[in-house]
Amino acid sequence: MCLLEQINYQLILSDIYEEIANIDYEGNVANYIPQLAKVNPEKFGIHLCCLNEGNYAMGDSNEKFSIQSISKVLSLTLAFSMMGDKLWERVGVEPSGNPFNSLIQLETENGIPRNPLINSGALVISDILVSNLVNPKADYLSFIRKISGSDEIQYNTAVANSEKETGFRNTALINFMKSFGNIKNDPETVLDFYFHLCSIEMTCKELARTFLLFANHGTLTGTGECIVSRSQSKRVNAIMQTCGFYDEAGEFSFKVGLPGKSGVGGGIVAIHPDKYSIAVWSPKLNKKGNSTKGMKTLELLTTRTELSIF
Ligand code: GLN
């Protein structure tokens, strides 16, 4: 029981889990690389962490999966903490209304991506981190380990290498932006860094714990360390709310009403400021690349608790 609001999260989550675990929702596991294609589509895990330390879990919540684009929120956070508002000279804050790997808006917008949570935006953020970190891959991993509170977080090198072999669209995006002068480093180096960020693996428990930071206005709950200011944390949450689900961001706001982020590994993480963070993993994706059961779980959660940010 989460004492602050007298909500029985465990009961609500177990009802939701039982209700949707065995429904055969439409969707397909991401299949652009073999490491994602071979994941069991029936996996389903949930972990909710309350700010008052309550933890509630169901199903495969302790199994690692590829967090993929969820990493984009964390790379944005690190870059924002280092650059402050200068960051917005290189990337916008508008929802794209387009698929995550779209090129079309870049031409009319002079190589400035619409937001940091689509691939083009995350590539610019990766470029900024490559410029500002001493040992980009090692330093980024240390940052993730610090905010997750777990030294067990790793890159999956096989996933990163496979992404590299099939990453023609990301290669096109970065070269296109380089032609506008919005990529400062060697594109190969930035792509290698970006593919590593996407390859990070976490369990639902680790992911929910990592994002608790954004429910707590930018401060780590364990150590009290301020990672980003209250105002910066508010902005990261606003970008998750408006851009976290690509061309389904409106639908997620409409049905769930929380800032969140999805990844093609089937993970979705969402936060309720001052209350909780929740991670759901179910690998079958809808046509927009978001986890079908993940979306449904969160819709039922905010409906049954009668709590969303709206
Ligand atoms: N690694 C994937 C890509 O860059 C991440 C996409 C995603 O999770 N939406 O295409």
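Residues numbered from 1 in each chain as written. Predicted model: local features only at pLDDT ≥ 70, side-chain atom pairs only at ≥ 80, totals over all residues. Heavy atoms only, no water.

Novice: So, the pattern of salt bridges: which residues are in play, and what are the values?
Specialist: Under the criterion given, the structure shown has 12 salt bridges. In this structure, D192 engages K137 in a salt bridge whose closest nitrogen and oxygen atoms are separated by 2.7 Å. Here D192 is found in helix α9 (residues 187-198), whereas its partner K137 is found in helix α6 (residues 136-148), with 55 residues between them in sequence. Between E299 and K296 there is a salt bridge, and its shortest N-O distance comes to 3.7 Å. You can see E299 and its partner K296 sitting in helix α13 (residues 292-305), three residues apart, about one turn around the helix. Residue E299 is classed as buried on the basis of its relative accessible area of 19%. One network of salt bridges, with partners in common, ties together K137, K164 and D192. (Salt bridge = Lys/Arg side-chain N within 4 Å of Asp/Glu carboxyl O. Helix = DSSP H or I, 4+ residues; strand = E, 2+ residues; numbered from the N terminus. Buried < 20%, exposed > 50% of the residue type's maximum accessible area, 1.4 Å probe, protein only.)

Novice: Provide a residue-level description of the sheet that holds strand β7 (residues 276-281), including the pertinent values.
Specialist: Pairing is antiparallel in the open sheet, where five strands are placed in the order β2-β1-β7-β6-β5. Each of the sheet's edge strands pairs with one partner strand only, and the pair in question is β2 (55-59) and β5 (260-262). The sheet shows a mean angle of 5° between the axes of neighbouring strands, taken without regard to direction. Sheet analysis places strand β1 (residues 45-50) next to β7, joined by six bridges and oriented antiparallel. Each residue of the ladder has a partner; that of C50, found in β7, is Y276. (Pairing = 2+ DSSP bridges. Axes fitted to C-alpha atoms, helices over the stretch in contact; angles between N-to-C directions.)

Novice: An account of the domain arrangement of the chain is requested, with residue identities and associated values reported.
Specialist: Domain assignment breaks the chain into domain 1 (9-31 + 40-68 + 202-305) and domain 2 (70-198). Put simply, the middle of domain 1 and the middle of domain 2, counted by C-alpha atoms, are 21 Å apart. Domain 1 puts 33 residues into the contact, and the matching count from domain 2 is 35 residues. Between domain 1 and domain 2, a total of about 2700 Å² is buried, with carbon and sulfur atoms accounting for 71% of that surface. Its largest share of buried area at the contact with domain 2, domain 1 owes to Q68, I239 and Y246, together 23% of the area lost on that side. Here domain 1 is connected to domain 2 by one salt bridge. Two residues, E225 and K146, come together in a salt bridge whose shortest N-O distance is 3.0 Å. (Domains from an automatic or database assignment. Contact = heavy atoms within 4.5 Å. Buried area = accessible area lost by both parts, 1.4 Å probe.)

Novice: Can you tell me about the pairing of β1, naming the residues and giving the values?
Specialist: With six of six residues buried, β1 is to be regarded as a mostly interior element. Burial along β1 is two-sided: the residues G45, H47 and C49 and I46, L48 and C50 are all buried. Across five bridges, β1 lies against β2 in antiparallel orientation. Bridge pairing links H47 to A57 in β2. Here β1 hands over to β2 after four residues, with E53 in that stretch at a positive phi of 85°.

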